[in-house]
Amino acid sequence: MDNQRATLAQIARDAGVSVPTVSKVLNGRPDVAATTRQRVQALLDERGYTGRGGGRPVGGAGLIDLVLRDLGSPWAMQIIDGVEEHAHRAGFGVVVSAAHGRHRSRPDRRWIEQLSARRCDGVLLVLSDLSPSQHGQLTELGIPVVVIDPAGQPTPDIPSVGATNWSGGLAATEHLLGLGHRRIAVIGGPPDVPCSRARVDGYRAAMNAAGERIPAGYIRAGDFTAPSGYRETNALLDLSRPPTAIFACSDETAWGAYEALYERGARVPDDMSVVGFDDVDGARWAIPPLTTVRQPLTEMSAMATRMLLATINGEELDSRRIELATPLVVRHSTRAVG
């Protein structure tokens, strides 16, 4: 078998061990049984395995690929900061790119080739997912993946870090209900994105628990951006019975709502209470400061980076699915009815 075909996955399968065990042997880790080490090393020697993709130094180039759905958003900057800080401490560089093409939640087909060319050690995907083919190619290349805020249903063999989106949506809506609001609308993100569905489901659960009927037109689908918040807020204001409060499923969506309300002569929170989601850096500086659900973006990215580095080093993870809490941060964009 030539070196092009001698992948970590194949060697692990033939040796009867896991890919992380083969990685431990490659990296000289001591926590491998002597007989297992000999069996794995014999296969590595027999097949001329010198690293991923053939002819590379074991361990790659010390690079992590970070792929985001959108590079221009404030939450993307917080994710990048969290990844870069922890990667730098471990001696790794970070390559940042956006998902392109028809599937904005998925890197395009050239991405795998680029990963291989730059000798990437691992991948972090943010609000993105992989096609089965891409997942298979990365497995064959021995490149580990960790997902932050998965765009699709996380597969059991891909570690992921998310947030308690359902609980956050519930808390946001319960806060508005507690202020006496009953006509509460929600502007979600893309309906096919799990974190958006979970936030809207949390809103539904709170409304149902309070015995409140959700009027037609009160559940809107945006895309987490300010323009979609602006558009959907105008649609809500055009209803024969507009809401008195809006739960926007991202802070950027809330800023779009602010703009639409301002243009209509409506004041926040006097005429409309608004709650966001994320608590990005600009939320506290909005006018008025935005009440929002805090998504711990920097902590999520730091956790995912630590998980990826551990996998690169051949370590077994304690948990492959982690969710961090999403507390409500009350500021001045909400007020009691009346």
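Everything here concerns the structure above.
Report on the accompanying structure. As the structure is a prediction and not an experimental result, all values here were calculated from the model. (Residues numbered from 1 in each chain as written. Predicted model: local features only at pLDDT ≥ 70, side-chain atom pairs only at ≥ 80, totals over all residues. Heavy atoms only, no water.)

### Observations regarding the packing of helix H4 (residues 74-89) against helix H11 (residues 297-312)
Put simply, H4 and H11 touch, their axes get as near as 8 Å, and they point 40 degrees apart. As summarised for this structure, H4 and H11 are arranged oblique, according to the angle between their axes. The crossing of H4 and H11 is right-handed. Residues Trp75, Gln78, Ile79, Gly82, Val83, His86 and Ala87 of H4 form the contact with H11, whose own contacting residues are Leu297, Thr298, Ser301, Ala302, Thr305, Arg306 and Leu309. The class makeup of the residues in the contact of H4 with H11 is 7 nonpolar, 6 polar and 1 charged. (Axes fitted to C-alpha atoms, helices over the stretch in contact; angles between N-to-C directions. Helix = DSSP H or I, 4+ residues; strand = E, 2+ residues; numbered from the N terminus. Parallel < 35°, antiparallel > 145°, perpendicular 65-115°, else oblique. Left-handed = near helix turned anticlockwise from the far one by under 90°. Contact = heavy atoms within 4.5 Å. Nonpolar A, V, L, I, M, F, W, Y, C, P; charged D, E, K, R; others polar.)

### A short note on the sheet that holds strand E6 (residues 184-188)
The pairing of strands in a sheet happens through backbone hydrogen bonds and is either parallel or antiparallel. Pairing within the open sheet is mixed, and its 6 strands lie in the order E7-E6-E8-E9-E10-E12. Of all the strands in the sheet, just strand E7 (219-221) and strand E12 (328-329) have a single pairing partner and so form its edges. Sheet topology places strand E8 (residues 245-248) next to strand E9 (residues 273-278); 3 bridges connect them, and they run parallel. From the neighbouring strand, Ala245 faces E9, where its bridge partner is Ser273. Along the sheet, helix H7 (residues 165-178) makes contact with E6, E8, E9, strand E10 (291-294) and E12, crossing E9 at roughly 165 degrees. (Pairing = 2+ DSSP bridges.)

### Remarks on the sheet that holds strand E2 (residues 93-98)
Taken in spatial order, the 6 strands of this open sheet run E2-E1-E3-E4-E5-E11, and their pairing is parallel. Every interior strand has two partners, whereas the edge strands, E2 and strand E11 (321-324), have only one. Neighbour-to-neighbour, the strand axes of the sheet open up by a mean angle of 20 degrees, direction not taken into account. For strand E3 (residues 122-126) and strand E4 (residues 145-148), the ladder comprises 4 bridges, and the chain directions are parallel. By the bridge assignment for E4, Val126 is matched with Ile148.

### Notes on helix H5 (residues 110-117)
When we look at burial in H5, the residues that qualify are Trp111, Ile112 and Leu115. The buried residues of H5 all sit within an arc of 100 degrees when viewed along its axis, so they share a single face. Turned more than 90 degrees off the buried face of H5, the exposed positions are Glu113 and Ala117. Just beyond H5, the residue with positive phi is Arg119, at close to 60 degrees. (Buried < 20%, exposed > 50% of the residue type's maximum accessible area, 1.4 Å probe, protein only. Arc of directions from axis to C-beta.)

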